[in-house]
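In case you want the letters, here they are:
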Amino acid sequence: METSDFLQADDIYKVILVPFAVEKGFKTDDEIERFIGVDSAGRQGRYYRLAAEKFGLVFNANNLSSLTVQGGIFVALQNDSSKISFIARIMRETEVFAQAIKYLESSNPRPDLMNLKDWFVRSYPGSENTAERRFSTFVKYLRATGFI
């Protein structure tokens, strides 16, 4: 795993908005950022677009995003519950989350948050300080999708 596999976009619900932004013609990181309601001169827009890319919802070339086939299916979903379930399925196929979900589901007793954090910090290929920050985001995704 690489550090880029560990998402920096800390709000899964804003990641969910990215394919909708792209569908409506907001294609650059700055435009996506404005659509999802953050303001950081494009930096946060890039983080959220990268997360949507990791989930296979958008494709980006030269800071111009487009929907993938999977992204098109996603934007056609009618309710938030379906969208979260869709993201949960994708997470099972995304290396970091797939390994974490396997760890959570195969351990008996089920790991608590401290055990999960220890696993995460050991798995993170960068500094422990950065791992601590990424863990907070990681947990938010797992909670939002019902894995913890």
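Note: the structure precedes this text.
Quantities reported herein were computed from a predicted structural model and do not represent experimental measurements. (Residues numbered from 1 in each chain as written. Predicted model: local features only at pLDDT ≥ 70, side-chain atom pairs only at ≥ 80, totals over all residues. Heavy atoms only, no water.)

Re helix 3 (residues 43-54)
Spelled out, the test is: Here a helix means four or more residues in a row that DSSP labels H or I, a strand means two or more in a row labelled E, and each is numbered from the N terminus. Multiplying one less than the number of residues by 1.5 Å gives the expected span of a helix. Only protein chains enter the calculation, and the probe is 1.4 Å; a residue is then buried if its accessible area is under 20% of its type maximum, exposed if over 50%, and partly exposed in between. Here a residue-residue contact requires only that any non-hydrogen atoms of the pair lie within 4.5 Å.
Compared with the 16 Å implied by 1.5 Å per residue over 12 residues, the 17 Å span of helix 3 between its first and last C-alpha is a close match. Within the span of helix 3, buried status applies to Gln44, Gly45, Tyr47, Tyr48, Arg49, Ala51 and Ala52. Looking at the packing, one finds that the buried side of helix 3 touches helix 1 (12-23), helix 2 (29-36), strand 1 (58-61), strand 2 (64-67) and helix 8 (128-144). Positive backbone phi, approximately 75°, marks Gly56, located one or two places after helix 3.

A closer look at the pairing of strand 2
What counts here: A pair of strands counts as paired when DSSP detects no fewer than two bridges linking them.
With 4 bridges connecting them, strand 1 and strand 2 associate as antiparallel partners. Within strand 2, the residue paired with Asn60 across the bridge is Ser65. Connecting strand 1 to the antiparallel partner strand 2 that follows it, the hairpin turn spans 2 residues, and Asn62 within it adopts a positive phi of roughly 55°.

Things to note about unusual backbone geometry
Backbone torsion omega between Asn108 and Pro109 reads 5°, so that peptide bond is classified as cis. Along the chain, the position of Pro109 falls in the loop between helix 6 (95-106) and helix 7 (113-123). Positioned with a positive phi, Asn62 is a non-glycine residue whose angle comes to about 55°. In this fold, Asn62 is placed in the loop between strand 1 and strand 2. If you check the backbone angles, Asn63 has positive phi at about 60° while not being a glycine. Positionally, Asn63 belongs in the loop between strand 1 and strand 2.

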